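Chain and residue survey
Single-letter residue listing:
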Amino acid sequence: MNRKAQSTPGRERSASRIDYNPAGKWSVASVTARYAALRVQLGGTSDFALQPRVYTNPGGMTWIYNIMEGVADGVQRGDQACIELAIGYIEDNIMASYTGYIRERMARSLRRAPLSKSQQTRLANVFLSQLISGNLHKEYREYIRLFRTMGVADFRTTIEKQRASAKAYIRRAAERLLA
């Protein structure tokens, strides 16, 4: 039976290849180009090369996984260029295959990464914006842990206001942030 793969946003399919990388700003070419520029500007780890994970089975089917998984690996190694890319990815909050899982991994890795005050502020603004709007996805649990690691004292008043939300999940997230 000959099945034609349907094209879905952020996922290119052909008869023998599935590419989980989105087009545009977060494509493999764009991310690798920005990584090269950031590596020169901010520094990176010498033993790290950013590339998407590729798997080909014995039947010839190939899967090209999202390059941002490689960025999450770089964050774990303390690569400054990867840390900056990860923060940008969290800020953009794009939705495609596996992006929530990747953002969750990035948030876990960023908890142990050296973040500048500016980077911490950018992340805090994203987390507060999502809390206020109620746009909380599965990865928000890791965002709460990261936010608490960075420190929520400067944002306490804004978070306190969300404790009075009519939505229980927003109240719970605010409570976890302030715990």
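Residues numbered from 1 in each chain as written. Predicted model: local features only at pLDDT ≥ 70, side-chain atom pairs only at ≥ 80, totals over all residues. Heavy atoms only, no water.

Here the focus is the overall build of the protein. Helix and strand counts for the protein stand at eight helices and four strands. For the protein, the sequential pattern of α-helices and β-strands runs β-β-α-β-β-α-α-α-α-α-α-α. By principal-axis analysis of the C-alpha atoms, the protein measures approximately 55 × 45 × 25 Å. In the protein, the share of contacts with a sequence separation of at least 24, taken over all contacts with a separation of at least 6, comes to 62%. For the protein, the computed accessible surface area is about 9700 Å², with 49% contributed by carbon and sulfur atoms. On the protein, the mean spot of the 28 positive side-chain charges and the mean spot of the 15 negative ones are 6 Å from each other. (Helix = DSSP H or I, 4+ residues; strand = E, 2+ residues; numbered from the N terminus. Contact = heavy atoms within 4.5 Å. Areas by Shrake-Rupley, 256 points an atom, 1.4 Å probe, with all protein chains shown as cover. Lys, Arg positive; Asp, Glu negative; His and termini not counted. Charge placed at Lys NZ, Arg CZ, Asp CG, Glu CD.)

The next subject is the packing of helix α2 (residues 68-76) against helix α3 (residues 80-92). Any two packed helices are characterised by how steeply their axes cross, that is the angle between the axes, and by the distance between the axes. Relative orientation of the contacting elements α2 and α3 amounts to 130°, with a least axis distance of 8 Å. As summarised for this structure, α2 and α3 are arranged oblique, according to the angle between their axes. In the packing of α2 onto α3, the handedness of the crossing is left-handed. Across the interface between the two elements, M68, V71, G74 and V75 from α2 touch C82, I83, L85, A86 and Y89 from α3. When the residues that make up the contact of α2 with α3 are grouped by side-chain class, the tally is eight nonpolar, one polar and no charged. (Axes fitted to C-alpha atoms, helices over the stretch in contact; angles between N-to-C directions. Parallel < 35°, antiparallel > 145°, perpendicular 65-115°, else oblique. Left-handed = near helix turned anticlockwise from the far one by under 90°. Nonpolar A, V, L, I, M, F, W, Y, C, P; charged D, E, K, R; others polar.)

A few words now on the environment of L178. One can find L178 in helix α8 (residues 168-178). Distance in space between the C-alpha atoms of L178 and E160 is 7.9 Å, their sequence separation being 18 residues. Not counting chain neighbours up to four residues away, the residues in contact with L178 comprise R156, I159, E160 and R163.

Let us look at the nonpolar core. L110, F127, F147 and I159 are the most contacted members of the largest nonpolar core, which totals 45 residues. When contributions to this core are tallied by element, the ones reaching two or more residues are α1 (28-42), α2, α3, α4 (99-110), α5 (117-133), α6 (140-150) and α8. Broken down by element, this core gets its largest block of residues, eight residues, from α3. Leaving out residues up to four positions away in the same chain, I159 has contacts with L128, L131, F147, V152, A174, L177 and L178. The next biggest cluster of nonpolar side chains, apart from the first, holds five residues, and it includes I18, Y20, M61 and Y65. (Core = buried A, V, L, I, M, F, W, Y, C linked by side-chain atoms within 4.5 Å. Buried < 20%, exposed > 50% of the residue type's maximum accessible area, 1.4 Å probe, protein only.)

Right, let's get into the environment of G74. Counting through the fold element by element, G74 comes out in helix α2. Classification of G74 by relative accessible area gives buried; the value is 0%. Separated by 11 residues in sequence, G74 and L85 have C-alpha atoms that sit 9.9 Å apart. Leave out the neighbours within four places in its chain, and G74 touches F48, D79 and C82.

In the structure shown here, the tally under the stated rule is 14 salt bridges. Of the charged contacts in the structure, one is a salt bridge between K25 and D92, with a shortest N-O distance of 2.9 Å. Placement of the pair is K25 in the loop between β2 (17-19) and α1 and D92 in helix α3, with a sequence separation of 67 residues. For D92, a relative accessible area of 33% gives the class partly exposed. (Salt bridge = Lys/Arg side-chain N within 4 Å of Asp/Glu carboxyl O.)

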